[in-house]
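The primary structure of each chain is shown beneath.
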Amino acid sequence: MDKFIIQKSCRLKGRVRVSGAKNSCLALMAASLLTDEPLELNNVPNLVDVRTMTRVLENMGVGISRSEPGKLSLDSSRAEGLKAPYDLVRKMRASYYVLGPLTARKGKAEVSLPGGCAIGQRPIDLHLKGLSMLGAEISTSGGYIYVRADRLNGARINLTGQSGSSVGATVNVLMAATLARGVTVLEGAAAEPEIVDLAWMLKAMGAKVEGAGTDVITIEGVASLGGASHTVIPDRIETGTFAVAAAITGGDVVIADCCPEHVQSVTDLLENLGVKIEKARKTLLVRAGGEMPAFELCTAPYPGFPTDMQAQFCALATQAEGTSVIEENIFEHRTLHVSELARFGADIKVSGRKIIVRGPTPLSSAPVMASDLRASAALVLAALVADGSSEIHRIYHLDRGYEHLEVKLARLGVKIMRVST
Ligand code: UD1
């Protein structure tokens, strides 16, 4: 298992290029099951999660080739398989994105129940509610979900859950509805940029979708979909993580090939903390100011502050002046980074849904354990400002979602080494 060894950094300086969005890419890949024609994806990040989705689809008979870096061709014309097995779903929950397309296209799907994960229960009731309202019959047995449908029919479906909209349920039901008979209206739909990206590609494939990016999406079902060539949007969480890396080290970083509009809530908060942000169409310039004041933030569905940036801002709060209060409203147990940040010497504790951080605290190096993808990113950020040399274990979590992280950080001046143990 690999680990990172990271030395305390001076100010990060230079230019970094953002990769394609992992979360978008996983949905776009699953959408290949909706058509017999070839699908070509560009700006595909080279990540463990993308490779896992490749295995899920190949297991069903989808032909997938990576003709050049960043380009993926998917051909579902000979796909017969209907099953996403436990062995793959347990590695990556988003494997269940095959549910919607398989139900719509093949009338059958068998997907292992994803179960809980490091950041909470993560139920899939809204996915199943949506598919069932389109006319699918759903049963569970032996840890698997079985979905059957002779034909799906459009319906008015409210996808609002206890914590607001669901990205995953919106992805699954949107894909299924493209091939349903009649009109489907999704209310309480997620408005994340990844949904807009998916809708954009589905439209290029011949789907009739309106309203993506708002909480009401209308889909008029069509008889079949064709192929398309599509470029994955930039990863907004990677963008935000590099912005925090610049801010926490007092750095000056140009973040290229990103979409500044998608990280507005993150850059707004950084600006409030005195960080200078300059935006161009595809570039963000992040230049740290002086001392940062403490802050409050609450995670919320897009366009609110992303839960996937919460852990990174906990790391930043350790260097801010005063008491910061960070409220997690999406995933109840997304606090695993708290005890690891404390190992660096951070004054941080959990109180209900809130994480309270007192700063600024000089951090000192420590061996720490990554627990989930974004928690791991927070540990890397803390290591950048911790005295000495920190070891971050279990970095396979980072490899799931950050492409060539050590290469990109090294180019910005970080002394970072990957060691295989
Ligand atoms: C996606 C992202 C993840 C991000 C999250 C929230 C992918 C592959 N993952 O995860 O990185 O952190 O959005 O922005 O895109 N819920 C239910 N019932 C359901 C589904 C969800 O109650 O059937 C709840 C969840 O427990 C959570 C909330 O809804 O409290 C939002 O979850 P959701 O948006 O579905 O997250 P994911 O799609 O799993």
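Predicted model only: the values in this text are computed from it and were never measured.

K.L.:
Go over the overall build of the protein chain with me, naming the residues and quoting the values.
P.N.:
Broken down by element type, the protein chain carries 14 helices and 25 strands. Against the compact-globule benchmark of 22 Å for 421 residues, the protein chain has a radius of gyration of 21 Å, which places it among compact chains. Across the 421 residues that make up the protein chain, the buried fraction comes to 56%. For the protein chain, the accessible area works out to roughly 16300 Å², and carbon and sulfur atoms hold 48% of it.

K.L.:
Explain the sheet that holds strand S24 (residues 389–393) to me, and be specific about the residues and the numbers.
P.N.:
Sheet architecture is open: four strands sit in the order S23-S24-S1-S25, paired in mixed fashion. Pairing within the sheet leaves two strands with one partner each, and these edge strands are strand S23 (367–369) and strand S25 (416–420). The mean inter-strand angle of the sheet, taken between neighbouring strand axes irrespective of direction, is 25 degrees. The sheet contact formed by strand S1 (residues 2–7) and S24 spans four bridges and is antiparallel. Bridged to Gln7 within S24 is Ser389. Across the face of the sheet, helix H12 (residues 373–385) comes into contact with S1, S23 and S24 while running at roughly 30 degrees to S1.

K.L.:
Describe the pairing of strand S22 (residues 354–359), naming the residues involved and giving the relevant values.
P.N.:
Two faces, one strand: in a regular strand the side chains alternate between the faces of the sheet. Here six bridges tie strand S20 (residues 320–327) to S22, and the two strands are oriented antiparallel to one another. Its bridge partner being in S22, Thr323 is matched across the sheet by Arg358. Pairing geometry for strand S21 (residues 347–351) and S22, over five bridges, is antiparallel. Each bridged residue has a counterpart across the sheet, and for Asp347 the counterpart in S22 is Arg358. Hairpin connection of S21 to S22: two residues between the antiparallel strands, including Gly352 at a positive phi of 60 degrees.

K.L.:
Could you give an account of helix H6 (residues 167–177), with specific residues and numbers?
P.N.:
In terms of burial, H6 is a largely internal element, 10 of the 11 residues being buried. Buried residues of H6: Gly168, Ala169, Thr170, Val171, Asn172, Val173, Leu174, Met175, Ala176 and Ala177, and no others. Where H6 starts, the residue carrying a side-chain oxygen 3.0 Å from the main-chain nitrogen of Ala169 turns out to be Ser166.

K.L.:
Residues and numbers for the pattern of salt bridges, please.
P.N.:
Side-chain pairs of opposite charge can arise whenever the charged atoms involved come near each other. Here the structure, examined in full by the defined rule, presents 17 salt bridges. For Arg105, the salt bridge identified is with Asp36, shortest N-O distance 3.0 Å. Here the residue Arg105 occupies a position in helix H4 (residues 99–106), and Asp36 occupies one in the loop between helix H1 (22–30) and strand S3 (39–42), the gap between them amounting to 69 residues. For Asp36, a relative accessible area of 41% corresponds to the partly exposed category. Its salt-bridge partner being Arg236, residue Glu194 comes within 2.8 Å of it at the nearest N-O pair. Linking Glu194 in helix H7 (residues 193–204) with Arg236 in helix H8 (residues 236–248), this pair joins segments that are 42 residues apart in sequence. Note on Arg236: relative accessible area 11%, which makes it buried. Each of the salt bridges in this network shares a partner with another, and the network as a whole consists of Asp2, Asp399, Glu406 and Arg418.

K.L.:
Which residues make up the packing of H8 against H12, and what values go with them?
P.N.:
Across the interface, H8 lies against H12 with an axial gap of 10 Å and an inter-helix angle of 20 degrees. Relative to H12, H8 is oriented roughly parallel. Two packed elements cross with a definite hand, and for H8 against H12 that hand is right-handed. Between H8 and H12, the residues in contact are Ile237, Thr241, Val244, Ala245 and Ile248 and Arg374, Ala377, Leu381, Leu384 and Val385, respectively. Looking at the contact of H8 with H12 residue by residue, the classes come out as eight nonpolar, one polar and one charged.

K.L.:
Describe the packing of aromatic side chains, listing the residues and the values that go with them.
P.N.:
Enumeration over the complete set of coordinates arrives at four aromatic pairs. Here Tyr96 and Tyr97 contribute two aromatic rings whose centre-to-centre distance is 6.0 Å and whose plane-to-plane angle is 75 degrees, an arrangement assigned as edge-to-face. The burial state of Tyr96 is the same as that of Tyr97; both residues are buried. Taken together, a centroid distance of 5.9 Å and an interplanar angle of 90 degrees make the contact between Phe295 and Phe313 edge-to-face. Taken as a pair, Phe295 in the loop between strand S18 (292–293) and strand S19 (296–298) and Phe313 in helix H10 (residues 310–317) lie far apart in primary sequence, 18 residues in all.

K.L.:
Which residues make up the sheet that holds strand S12 (residues 208–210), and what are the values?
P.N.:
If you trace the four strands from one edge of the open sheet to the other, you get S10-S11-S13-S12, paired in mixed fashion. This sheet does not close on itself; its edge strands, each paired only once, are strand S10 (156–158) and S12. Strand-to-strand twist across the sheet, computed as the mean angle between neighbouring axes with direction ignored, equals 15 degrees. Note that strand S11 (residues 183–187) and strand S13 (residues 216–220) share five bridges and pair antiparallel. Within S13, the position partnered with Val183 by the bridge is Glu220.

K.L.:
Which residues make up unusual backbone geometry, and what values go with them?
P.N.:
Look at the link from Tyr302 to Pro303: it is a cis peptide, with omega at 10 degrees. One can find Pro303 in the loop between S19 and H10. The phi dihedral of Asp257 is positive, around 55 degrees, even though this residue is not glycine. Tracing the backbone shows Asp257 in the loop between strand S15 (252–256) and helix H9 (264–272). Among the residues examined, Asp257 registers a relative accessible area of 32% and is labelled partly exposed. For Arg394, which is not a glycine, the phi torsion comes out positive at approximately 60 degrees. For Arg394, a relative accessible area of 35% puts it in the partly exposed group.

K.L.:
Could you give an account of the domain arrangement of the protein chain, with specific residues and numbers?
P.N.:
Examined at the domain level, the protein chain breaks down into domain 1 (2–19 + 234–420) and domain 2 (22–231). In this structure, domain 1 and domain 2 have C-alpha centres spaced 30 Å apart. Summed over both partners, the interface of domain 1 with domain 2 buries about 1800 Å², with 52% contributed by carbon and sulfur atoms. Between domain 1 and domain 2 we count two salt bridges in total. Where domain 1 meets domain 2, there are seven residue pairs in polar contact (both at pLDDT 80 or more). Breaking the side of domain 1 that touches domain 2 down by element, the ones donating at least two residues are H12 and helix H13 (396–401). The biggest single contributor to the side of domain 1 that touches domain 2 is H13, with three residues.

Quick notes on the rules
- Residues numbered from 1 in each chain as written.
- Predicted model: local features only at pLDDT ≥ 70, side-chain atom pairs only at ≥ 80, totals over all residues.
- Heavy atoms only, no water.
- Helix = DSSP H or I, 4+ residues; strand = E, 2+ residues; numbered from the N terminus.
- Rg over C-alpha atoms; globule rule 2.2 N^0.38 Å.
- Buried < 20%, exposed > 50% of the residue type's maximum accessible area, 1.4 Å probe, protein only.
- Areas by Shrake-Rupley, 256 points an atom, 1.4 Å probe, with all protein chains shown as cover.
- Pairing = 2+ DSSP bridges.
- Axes fitted to C-alpha atoms, helices over the stretch in contact; angles between N-to-C directions.
- Contact = heavy atoms within 4.5 Å.
- Polar contact = N/O pair within 3.5 Å; in protein donor to acceptor, adjacent residues only side chain to side chain.
- Salt bridge = Lys/Arg side-chain N within 4 Å of Asp/Glu carboxyl O.
- Parallel < 35°, antiparallel > 145°, perpendicular 65-115°, else oblique.
- Left-handed = near helix turned anticlockwise from the far one by under 90°.
- Nonpolar A, V, L, I, M, F, W, Y, C, P; charged D, E, K, R; others polar.
- Phe/Tyr/Trp six-rings, centres within 6.5 Å; stacked < 30°, edge-to-face > 60°.
- Domains from an automatic or database assignment.
- Buried area = accessible area lost by both parts, 1.4 Å probe.

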